[in-house]
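Report on the structure
So the chains spell out like this:
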Amino acid sequence: MASSQQTHIPLPPDPGDKIEGDEANFSSVPIHVVTNPSQLPVEFLEPSPESQLVIGFDCEGVDLCRHGTLCIMQLAFPDAIYLVDAIQGGETVIEACKPALESSYITKVIHDCKRDSEALYFQFGIKLHNVVDTQIAYSLISEQEGRARVPDDYISFVGLLADPRYCGISYDEKEEVRVLLRQDPKYWTYRPLSEQMIRAAADDVRFLLFIYHKMVQKLNDKSLWRLAVRGALYCRCFCINDNDFADWPPLPPIPENIAANGSMPEEEVLSVIDVPSGKMGRVIGRRGASILSIKESCNAEIFIGGAKGPADKVFIIGPVKQARKAEAILRGKLDF
């Protein structure tokens with residue numbers, strides 16, 4: 001399989017090994033641009049319990065959401081990076097990835113999965129499943145370490161890479177691409193892919209496997225369960241449908257080892273509040289003061305569709321009691 005570029009991936013440890021210090025061994029790997037399913041590894045296209053995989057995952061596109069255009073899907077393996085080209089490969093190449101993206105046997109490591117999942121669901125009918133969201137994991141590790149929860153304090157991917165506990169590298173090239181995207185939102189649609197586009201797409205996934213292994217070593221059993229559940233709920237967040245997600249995979253059950261120690265965690269839920277036309281301003285408040293006060297009152301995540309939509313809904317993710325508390329406050333502000 002021909003490849004025009006190479007990149008370097010920090011090598012995850014062998015199973016059972018501990019990652020010591022901040023240093024990583026790097027391996028030079030090829031970057032493959034994929035326009036045909038035959039160019040992807042068989043073990044990815046045909047998931048099985050005998051060949052379970054952990055891969056880095058991300059998507060690029062134009063206004064990536066239900067109404068935008070998914071252009072590239074990045075897959076990081078320990079020995080290669082695959083850029084699945086949805087422009088030249090079309091629906092055929094993305095649909096060939098559906099079994100893997102919906103599989104329990106392939107763990108997809110991603111940073112902030114909500115809009116990626118939304119794009120896959122509405123554009124291709126794919127229900128993204130079994131993700132490890134490094135943004136969620138970062139927050140859970142902070143909670144374990146006793147840090148106070150701060151509303152909207154979500155680590156960016158650039159910030160995550162800069163954290164010396166995980167990578168400790170600067171990612172200045174990311175801002176260069178952001179500038180280009182502001183100048184031309186159709187940046188990811190142009191073909192052939194330039195060297196800069198290939199490098200930028202690969203950079204968004206090449207560190208994810210290393211970060212994943214560092215994070216997993218820090219998370220306790222309860223946090224690992226919460227990571228799995230919250231990742232599943234984040235995948236559903238903007239993918240609202242008419243059957244209350246009955247066609248999605250079930251949420252991960254509480255593991256027996258957690259239940260056995262007598263400290264049962266509370267069930268987590270996704271709640272969707274419909275906001276009457278013209279009343280979203282009450283929810284948000286002047287300069288965001290109202291929505292911020294709700295977030296400070298409840299140990300739950302609250303998201304608004306915003307410009308990408310859906311514009312008339314509020315999404316609440318968290319433990320049942322906290323989610324219900326947020327619902328009550330919201331309904332009080334909306335007076336219905």
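Conventions used here
- Residues numbered from 1 in each chain as written.
- Predicted model: local features only at pLDDT ≥ 70, side-chain atom pairs only at ≥ 80, totals over all residues.
- Heavy atoms only, no water.
- Helix = DSSP H or I, 4+ residues; strand = E, 2+ residues; numbered from the N terminus.
- Buried < 20%, exposed > 50% of the residue type's maximum accessible area, 1.4 Å probe, protein only.
- Areas by Shrake-Rupley, 256 points an atom, 1.4 Å probe, with all protein chains shown as cover.
- Lys, Arg positive; Asp, Glu negative; His and termini not counted.
- Charge placed at Lys NZ, Arg CZ, Asp CG, Glu CD.
- Axes fitted to C-alpha atoms, helices over the stretch in contact; angles between N-to-C directions.
- Parallel < 35°, antiparallel > 145°, perpendicular 65-115°, else oblique.
- Left-handed = near helix turned anticlockwise from the far one by under 90°.
- Contact = heavy atoms within 4.5 Å.
- Nonpolar A, V, L, I, M, F, W, Y, C, P; charged D, E, K, R; others polar.
- Pairing = 2+ DSSP bridges.
- Domains from an automatic or database assignment.
- Buried area = accessible area lost by both parts, 1.4 Å probe.
- UniProt positions renumbered as here; feature names shortened; annotations may be inferred.
- Salt bridge = Lys/Arg side-chain N within 4 Å of Asp/Glu carboxyl O.

In this section: the overall build of the protein. If you tally the helices and strands in the protein, you get 14 helices and ten strands. In terms of overall dimensions, the protein has a C-alpha envelope of 60 × 50 × 40 Å along the principal axes. Across the 336 residues of the protein, 50% fall into the buried class. For the protein, the exposed area adds up to about 15500 Å²; of that, 49% sits on carbon and sulfur atoms. One finds the centroid of the 35 positive side-chain charges in the protein at a distance of 9 Å from the centroid of its 47 negative side-chain charges.

In this section: the packing of helix α5 (residues 134–144) against helix α9 (residues 208–218). Remark: α5 packs on α9, axes separated minimally by 10 Å, with the N-to-C direction vectors making an angle of 30°. The orientation of α5 relative to α9 falls into the category roughly parallel. Where α5 crosses over α9, the two elements pack in a sense that is left-handed. Seen from α5, the contacting residues are T134, A137, Y138, I141 and Q144; seen from α9, they are L208, I211, M215 and K218. Residue composition of the contact of α5 with α9, grouped by class: six nonpolar, two polar and one charged.

A few words now on the sheet that holds strand β10 (residues 313–319). Strands sit in the order β8-β10-β9 across an open sheet of three strands; the sheet is antiparallel. The strands lining the two open edges of the sheet, one partner per strand, are β8 (268–274) and β9 (301–304). Across the sheet, the mean angle from the axis of one strand to that of its neighbour is 20°, orientation sign disregarded. Pairing geometry for β9 and β10, over four bridges, is antiparallel. Along β10, the bridge assignment pairs I302 with I316. With respect to the sheet, helix α10 (residues 221–236) is in contact with β8, β9 and β10, its orientation differing from that of β8 by roughly 25°.

Among the nine residues that make up strand β4 (residues 69–77), eight are buried, leaving the element largely enclosed by the rest of the structure. Examined bridge by bridge, strand β3 (residues 53–62) and β4 share seven bridges and lie antiparallel to one another. Bridged to C59 within β4 is M73. Where β3 folds back on β4, the antiparallel hairpin that results is connected by six residues, among which D63 adopts a positive phi of roughly 50°. Here β4 runs beside strand β5 (residues 80–85); their pairing, made up of six bridges, is antiparallel. The residue bridging Q74 from the neighbouring strand is L83, located in β5. In this antiparallel pair of consecutive strands, β4 and β5, the connection spans two residues.

For the rest of this paragraph, the subject is the domain arrangement of the protein. Each domain of the protein was delimited in the assignment, giving domain 1 (7–236) and domain 2 (266–335). Centre-to-centre, using C-alpha coordinates, domain 1 lies 28 Å away from domain 2. Contacts between the two partners involve 19 residues from domain 1, matched on the other side by 20 residues from domain 2. Counting the surface lost from both domain 1 and domain 2, the interface buries some 1600 Å², and carbon and sulfur atoms represent 51% of this.

Further remarks concern the UniProt feature "domain: 3'-5' exonuclease" (unreviewed entry) in the protein. Under the local residue numbering, the UniProt record ascribes the feature "domain: 3'-5' exonuclease" (unreviewed entry) to residues 31–220. Taken end to end, residues 31–220 is 39% helix and 19% strand, and its first and last C-alpha atoms sit 34 Å apart.

Moving on, we come to the sheet that holds strand β1 (residues 5–10). By definition, the strands of a sheet pair up through backbone hydrogen bonds, in either a parallel or an antiparallel sense. Reading across from one edge, β1-β2-β5-β4-β3-β6-β7 is the order of the seven strands in this open sheet, with mixed pairing throughout. Looking at strand neighbours, the two that pair on one side only are β1 and β7 (131–133), the edges of this open sheet. Strand-to-strand twist across the sheet, computed as the mean angle between neighbouring axes with direction ignored, equals 30°. Helix-sheet contacts for helix α4 (residues 114–124) involve β3, β4 and β6 (106–110), and the interaxial angle to β4 is about 120°. Contacts from α5 reach β6 and β7, with the element oriented near 55° to β7.

The next subject is the pattern of salt bridges. When charged atoms on two side chains of opposite charge get close, those side chains can pair. Applying the stated criterion across every chain, the model contains 17 salt bridges. E118 is the partner of R115 in a salt bridge, and the nearest nitrogen-oxygen pair spans 2.7 Å. Of this pair, R115 and E118 are both found in helix α4, three residues apart, which corresponds to roughly one turn of the helix. Relative accessible area serves as the criterion here: at 0%, E118 is assigned to the buried category. Of the charged contacts, one joins E143 and R226 as a salt bridge, the two residues approaching to 3.2 Å between their closest N and O atoms. Here E143 is found in helix α5, whereas its partner R226 is found in helix α10, with 83 residues between them in sequence. The class of E143 is partly exposed, set by a relative accessible area of 32%. Under the relative-accessibility criterion, R226 is labelled buried at 15%.

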